[in-house]
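# Structural features, examined
Listed below are the residues making up each chain.
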Amino acid sequence: MSASDPRPAAPRAAPALPGVAGNPRRPYVRPMAGWWLRNPYFVRYMAREGTAVFVAAYALILLVGLVRLAQGEAAWNGWLEALRSPLSTILHLVFLAVFVFHTVTWFEVLPKTMPPLLVGGKRVAQSAITAGAIAVAAAASLALFGIVWGLTR
Amino acid sequence: MSTNEKTIEIEVLRYRPEQDAAPFPQTYVVPYSDDMSVLQGLQYIKDQLDGTLSFRWSCRQAICGSCGVMIDGIPKLSCKSFLRDYAGKGRVRVEALANFPIERDLVIVMDSFVEKLESIKPYIIPKEPRPLSAGEYLQTPAQLDAYAQYSSCINCLLCYAACPQVGLSPDFVGPAALALLFRYNSDSRDGGAAQRMPVVGAESGAFHCTAVGYCSEVCPKGVDPASAVNQAKGASVREYFMGFLGKGGGK
């Protein structure tokens, strides 16, 4: 027996089947280590899950802004200044790309989590539900961007 | 075999428990034609090259669910996959379905699945006793549509081989069994939902699913188990909170 065999030693000591001298069955369990690298679908899934870390990180950045605002004008302006740095701009572009991936991949899951959507007695295709949700998210983001842009000019 | 016959290398993950400590790849050169399935390639090996090779098959037409294997790492029915589609690389890799113990060569141990299937009571449990004289149950097309796709499952276990959660947590009831659970709970003739919901809400139930979604990708019958599992989560949550209002579960 090799070290990779997950079963305890002496498999032949297993209870004998009737009429069989020893039980020759020795099912082999394959290891799971590195499972998510075996298929591009799993890599994409892990990337989707991983984007949650970026969402949490950006929430912390915004939370720091709130704390700085509570500390007074100088602190708040310092936080704003930090956001204008070239490094911050690059980071924001990275965050934007990650958030777009997060949004698209989670809306791909959306149709799996709901009962069939019937329009005129016919099921709406899952791809149409995903596309619709992405369109609504994009429109809402643009509208919010437009409102904030208008308010801050 | 004529010299101009097309051939392909089929690499099979062999495991013979009485003599091998661990599985190992063995390559066979198999002549093929454009209409030959991977299953027919395996049958050629067994009949012409190596009679010791073991694999399961029966109907050869994608309805019995016996011949599922990993083909180049992807769970597929070997009867529904064709050697011509792998000819470009000149070779194809065949392995027993992932996430199951290997009994021998391409044959898996599926006892755990059969137990899970039994646990979800995969049969109609009538709402009340009904005499034969009452005639057949009537269903509207909409009532049929509520469960029809989930009843297409052929228990081929490709979805289990596609589900990393099954491999990481072997107790997980898994996609096909949960899809069938949802199928019976969604059937207008059935009154057994209260008996099945504990399986959904259990530690080993639907909440083990992390919405990878690959089960639905590999399903050869369009069952979409991921949608059933995730709708079952919703049903379980509703039942849990309705329990606080004294309307839950019929326990």
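Residues numbered from 1 in each chain as written. Chains lettered and ligands numbered in written order. Predicted model: local features only at pLDDT ≥ 70, side-chain atom pairs only at ≥ 80, totals over all residues. Heavy atoms only, no water.

- Under an unreviewed UniProt entry, the name given to chain B is Succinate dehydrogenase iron-sulfur subunit, and the organism recorded is Rhodocyclus tenuis.
- Checking UniProt for chain B, the heading Subunit (unreviewed entry) contains the comment "Part of an enzyme complex containing three subunits: a flavoprotein (frdA), an iron-sulfur protein (frdB), and diheme cytochrome b (frdC)." (UniProt positions renumbered as here; feature names shortened; annotations may be inferred.)

- Labelled according to an unreviewed UniProt entry, chain A appears under the name Fumarate reductase subunit C, originating from Rhodocyclus tenuis.

### Concerning the overall build of chain B
- A count of helical and extended segments in chain B gives nine helices and seven strands.
- Seen along its three principal axes, the alpha-carbon backbone of chain B occupies a region of about 75 × 40 × 30 Å.
- Considering chain B as a whole, with its 251 residues, one finds that 49% of them fall into the buried category.
- Across chain B, contacts joining residues at least 24 apart in sequence account for 63% of those joining residues at least 6 apart.
- Within the structure as shown, chain B displays about 11,800 Å² of accessible surface, and the carbon and sulfur contribution to it stands at 53%. (Helix = DSSP H or I, 4+ residues; strand = E, 2+ residues; numbered from the N terminus. Buried < 20%, exposed > 50% of the residue type's maximum accessible area, 1.4 Å probe, protein only. Contact = heavy atoms within 4.5 Å. Areas by Shrake-Rupley, 256 points an atom, 1.4 Å probe, with all protein chains shown as cover.)

### Some remarks on the domain arrangement of chain B
Residues and elements named next belong to chain B.
- For chain B, the assigned domains are domain 1 (7-108) and domain 2 (111-241).
- Taking only C-alpha atoms into account, the centre of domain 1 sits 30 Å from that of domain 2.
- Contacts between the two partners involve 17 residues from domain 1, matched on the other side by 18 residues from domain 2.
- The largest share of the area that domain 1 buries against domain 2 comes from Pro-75, Asn-99 and Phe-100, three residues that together contribute 45% of it. (Domains from an automatic or database assignment. Buried area = accessible area lost by both parts, 1.4 Å probe.)

### Focus: the pattern of salt bridges
- Inspection of every chain in the model, using the stated rule, returns 19 salt bridges over all chains.
- Residue Arg25(A) pairs with Glu103(B) through a salt bridge whose shortest N-O separation is 2.7 Å. In this pair, Arg25(A) is assigned in the segment before α1 (40-70) and Glu103(B) in strand β6 (residues 102-104), connecting two distinct chains.
- Classification of Glu103(B) by relative accessible area gives buried; the value is 18%.
- Where Arg183(B) meets Asp187(B), a salt bridge forms, and the shortest distance between an N and an O atom there is 3.0 Å.
- One salt-bridge network, in which partners are shared between bridges, spans Glu9(B), Glu11(B) and Arg91(B). (Salt bridge = Lys/Arg side-chain N within 4 Å of Asp/Glu carboxyl O.)

### Thoughts on the packing of α1(A) against helix α2 (residues 73-83) of chain A
Residues and elements named next belong to chain A.
- For the pair α1 and α2, interaxial distance at closest approach is 7 Å and the crossing angle is 150°. When the interaxial angle is binned, α1 and α2 end up roughly antiparallel. Handedness of the α1/α2 crossing: left-handed. Judged by residue contacts, Ile-61, Leu-62, Val-64, Gly-65, Arg-68 and Leu-69 of α1 engage Ala-75, Trp-76, Trp-79 and Leu-83 from α2. (Axes fitted to C-alpha atoms, helices over the stretch in contact; angles between N-to-C directions. Parallel < 35°, antiparallel > 145°, perpendicular 65-115°, else oblique. Left-handed = near helix turned anticlockwise from the far one by under 90°.)

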